[in-house]
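As a plain string of letters, each chain reads:
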Amino acid sequence: MRCLERPERAFWIGVALLGAVAVMAVAIPAEPLALDQRWSELMRDIATPLLTHLALVFNALGRGVGQLVLLVAVGAVLVLARRWLALVCFAVVETATSASATLIKAAVQRPRPPDGLVHPVSSSFPSGHAAYASATCVALVLLFPAPRPRRLWWWALAAAGILGMAWSRTYLQVHWLSDVVAGSLLGIGIALVVLGGMQRWIRSAERQAGAADG
């Protein structure tokens, strides 16, 4: 599996992002920050039927059947390609992201914004939808690398997916801005740690095997 040119750097960037989430989890107040409140008011001010429908599409893609269909489709592609290590890494990324978001929510217990347009369960910090979208988008770009001329386009598409999901959670008034920032950092961090860590381990094993053969 060769998904990263510099797996060591990706791994440590992921560790730094997870550290930032840990700091936010400890420091985040139950009451919204001033920036959270201003952003929430802006989302109310720009509300239109079209934007509401778009936000609800993102909501559906990040839960239930929408989420299941995407995960099964990616898994099926990896199985048909017999990319077993990539399949394991993808499963670890998704499982770790979901479990981490759930545990942090339980620990922080931050109240959600009032008057949400949908009614999710559990607490507000961090956004599980944002974490899922970020981990999945980053993992897909890394596990299905495009040739260099097209790589930036795939990263741009991944960024659009991450930002779109994060925006939708605040537009629907079910998360504060700081919730979706933390969720996005969590998902990206886990994807980089898992994929970067696995590639580091593979390179180390190959070096040891080469030294033994020599």
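Residues numbered from 1 in each chain as written. Predicted model: local features only at pLDDT ≥ 70, side-chain atom pairs only at ≥ 80, totals over all residues. Heavy atoms only, no water.

Asker: How would you summarise the overall build of the protein chain if you had to cite specific residues and measurements?
Answerer: Summing up its helical and strand segments, the protein chain has 8 helices and 0 strands in all. Starting at the N terminus, the α and β elements of the protein chain follow one another as α-α-α-α-α-α-α-α. Its C-alpha atoms give the protein chain a radius of gyration of 18 Å, near enough to 17 Å, the size a compact globule of 214 residues would have. Expressed as lengths along the three principal axes of its C-alpha atoms, the size of the protein chain is roughly 65 × 35 × 30 Å. Across the 214 residues of the protein chain, 41% fall into the buried class. Surface accessibility of the protein chain: about 11,400 Å² in total, with carbon and sulfur atoms responsible for 71%. Of the side chains in the protein chain, 18 bear a positive and 11 a negative charge, and the two mean positions are spaced by 9 Å. (Helix = DSSP H or I, 4+ residues; strand = E, 2+ residues; numbered from the N terminus. Rg over C-alpha atoms; globule rule 2.2 N^0.38 Å. Buried < 20%, exposed > 50% of the residue type's maximum accessible area, 1.4 Å probe, protein only. Areas by Shrake-Rupley, 256 points an atom, 1.4 Å probe, with all protein chains shown as cover. Lys, Arg positive; Asp, Glu negative; His and termini not counted. Charge placed at Lys NZ, Arg CZ, Asp CG, Glu CD.)

Asker: Please provide a residue-by-residue account of the pattern of salt bridges, values included.
Answerer: By the definition in use, this model includes 2 salt bridges. The residue Asp 36 makes a salt bridge to Arg 110 at a minimum N-O spacing of 3.2 Å. Residue Asp 36 is found in helix α2 (residues 34-45), and its partner Arg 110 is found in the loop between α5 (84-108) and α6 (128-143); the two are separated by 74 residues along the sequence. In this structure, the salt-bridge partner of Arg 110 is Asp 179, at a minimum N-O distance of 2.8 Å. Here Arg 110, found in the loop between α5 and α6, pairs with Asp 179, found in helix α8 (residues 177-213); they are 69 residues apart in sequence, far enough to count as distant. This pair shows no difference in class: Arg 110 is buried, exactly as Asp 179 is. One salt-bridge network, in which partners are shared between bridges, spans Asp 36, Arg 110 and Asp 179. (Salt bridge = Lys/Arg side-chain N within 4 Å of Asp/Glu carboxyl O.)

Asker: Give me the lowdown on the packing of helix α4 (residues 64-80) against α6, citing residues and values where you can.
Answerer: Closest axis-to-axis distance for the α4/α6 pair is 13 Å, and the angle between their directions is 20 degrees. Relative to α6, α4 is oriented roughly parallel. The handedness of the crossing between α4 and α6 comes out as left-handed. Here Gln 67, Leu 70, Leu 71 and Val 74 of α4 come into contact with α6, specifically with Tyr 132, Thr 136 and Leu 140. Here the contact of α4 with α6 is composed, by residue class, of 5 nonpolar, 2 polar and no charged. (Axes fitted to C-alpha atoms, helices over the stretch in contact; angles between N-to-C directions. Parallel < 35°, antiparallel > 145°, perpendicular 65-115°, else oblique. Left-handed = near helix turned anticlockwise from the far one by under 90°. Contact = heavy atoms within 4.5 Å. Nonpolar A, V, L, I, M, F, W, Y, C, P; charged D, E, K, R; others polar.)

Asker: Residues and numbers for the packing of α6 against helix α7 (residues 148-171), please.
Answerer: Remark: α6 packs on α7, axes separated minimally by 9 Å, with the N-to-C direction vectors making an angle of 175 degrees. As summarised for this structure, α6 and α7 are arranged roughly antiparallel, according to the angle between their axes. The residues of α7 that touch α6, namely those facing His 129, Ala 130, Ala 133, Ser 134, Cys 137, Val 138, Val 141 and Leu 142, are Trp 154, Trp 155, Ala 158, Gly 161, Ile 162, Met 165 and Arg 169. A class-by-class count of the residues in the contact of α6 with α7 yields 11 nonpolar, 3 polar and 1 charged.

Asker: So what about the side chain of Ser 178? Which residues, and what values?
Answerer: As for its position among the elements, Ser 178 is in helix α8. Residue Ser 178 is classed as buried on the basis of its relative accessible area, which comes to 7%. Those residues in contact with Ser 178 that lie beyond four places of it in its chain are Met 24, Ile 28, Leu 33, Asp 36, Arg 110 and Phe 125.

Asker: Describe the packing of aromatic side chains, listing the residues and the values that go with them.
Answerer: One pass over the structure, following the stated rule, counts 2 aromatic pairs. Each ring, one from Trp 167 and one from Tyr 171, has its centre 5.1 Å from the other, and the planes form 40 degrees; the classification is tilted. Of the two residues, Trp 167 and Tyr 171 are both situated in helix α7; the distance of 4 residues between them amounts to about one turn of the helix. You can call Trp 167 buried: its relative accessible area is 18%. (Phe/Tyr/Trp six-rings, centres within 6.5 Å; stacked < 30°, edge-to-face > 60°.)

Asker: Give me α5: which residues, what numbers.
Answerer: End to end, α5 covers 36 Å across 25 residues, agreeing with the expected 36 Å (1.5 Å per residue, within 8%). When we look at burial in α5, the residues that qualify are Ala 86, Cys 89, Phe 90, Val 93, Glu 94, Thr 97, Ala 101, Ile 104 and Lys 105. Just beyond α5, the residue with positive phi is Gln 109, at close to 55 degrees. (Expected span 1.5 Å × (residues − 1).)

All quantities given are derived from atomic positions and should not be read as evidence of function.
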